[in-house]
Amino acid sequence: MESEQKLAILQNVYAAAIAETVNTYQGLGALTAIEKRKQERQGQTAPYLLAQLGISTVEGVFSSLSNIFGCADWKVEHDGSGYNATATTCKLCALSKKMGGASPCKGWCLDPMIAMIKALESKATVDVEQTLMNGSSCCLTVKLG
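Residues numbered from 1 in each chain as written. Predicted model: local features only at pLDDT ≥ 70, side-chain atom pairs only at ≥ 80, totals over all residues. Heavy atoms only, no water.

(A) Seen up close, the packing of helix H1 (residues 3–27) against helix H3 (residues 58–69). Contact geometry for H1 and H3: axes closest at 8 Å, N-to-C directions at 100°. Relative to H3, the element H1 is oriented roughly perpendicular. Residues Leu7, Gln11 and Tyr14 of H1 touch H3, and the partners they reach there are Asn67, Ile68 and Phe69. (Axes fitted to C-alpha atoms, helices over the stretch in contact; angles between N-to-C directions. Helix = DSSP H or I, 4+ residues; strand = E, 2+ residues; numbered from the N terminus. Parallel < 35°, antiparallel > 145°, perpendicular 65-115°, else oblique. Contact = heavy atoms within 4.5 Å.)

Now the structure itself:
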C-alpha cells in the first residue's frame, strides 16, 4: 500500500472516530460541557500545536490543517483587514451527520483553529458565520488588530 493511500485511510478513520465520539457525547447529554472544557484548554495548547506543526501564519492554520487531516477544503482570501475562510466540503461534518447529527465543529475543529489564530495574532477576532452542519459552507471571518 502506498503512503498516500495509508494517509487517506488514517484521515478517514480519524474523522470517523471523532464523529462517533461527538455523537456519543451528545447522546449522553455531555456534548456542551465537553466543548466548554476543550475550549478552555485550546488557548493553552495552541502555541504547542503551532510549533509542532510548523504553522506561523493565519493562512497556514487553514492550509496546514486541511493538508494534515484531509477534512475541510479551506479557501482563504486576504481582504486588507483580515481574512475570509470558506470550506464547502468537510469529511467530519458529513460523517457526523450520518452517525446521528451532532456537530463536531466547535470542539474539534473551529475552537482549536480559533485558538491557534489568536496565539498567532493576539488581537484577532474570529466570527463563525455558518458551518456545514447548518449551511452550505463553513465561513469564518478573521479581523486582525
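(B) Highlighting the nonpolar core. Among the nonpolar cores identified, the biggest contains 36 residues, and Val61, Phe62, Trp74, Leu110, Ile117 and Leu140 are the most heavily contacted of them. The contacts of Ile117, once residues within four sequence positions are left out, are Val58, Val61, Phe62, Ala124, Val126 and Val142. (Core = buried A, V, L, I, M, F, W, Y, C linked by side-chain atoms within 4.5 Å. Buried < 20%, exposed > 50% of the residue type's maximum accessible area, 1.4 Å probe, protein only.)

(C) Focus on helix H5 (residues 105–120). Helix length check: H5, at 16 residues, gives a terminal C-alpha distance of 21 Å against a target of 22 Å (1.5 Å per residue), a fit within 8%. The largest bend in H5 comes to about 35°, at Asp111, with the proline Pro112 one to four residues further on. Counting buried residues in H5 gives 12 out of 16 residues, a clear majority hidden from the surface. Burial in H5 covers these residues: Cys105, Gly107, Trp108, Cys109, Leu110, Asp111, Pro112, Met113, Ile114, Ala115, Met116 and Ile117. Lining the buried residues of H5 we find H1, helix H2 (31–53), H3, helix H4 (91–99), strand E3 (125–130) and strand E4 (138–143). (Expected span 1.5 Å × (residues − 1). Bend = angle between axes of the 7 residues up to and from the residue.)

(D) Fine view of the environment of Asn23. Locating Asn23 in the fold gives a position in helix H1. The class of Asn23 is buried, set by a relative accessible area of 13%. Residues Asn23 and Gly107, spaced 84 residues apart in sequence, show a C-alpha to C-alpha distance of 12 Å. Ignoring any residue separated from it by four or fewer positions in sequence, one finds Asn23 in contact with Ser96, Met99, Gly100, Gly101 and Ala102. At 2.9 Å, the side chain of Asn23 forms a polar contact with the backbone nitrogen of Ala102. (Polar contact = N/O pair within 3.5 Å; in protein donor to acceptor, adjacent residues only side chain to side chain.)

In short, the description is geometric, and any link to function would need to be established separately.
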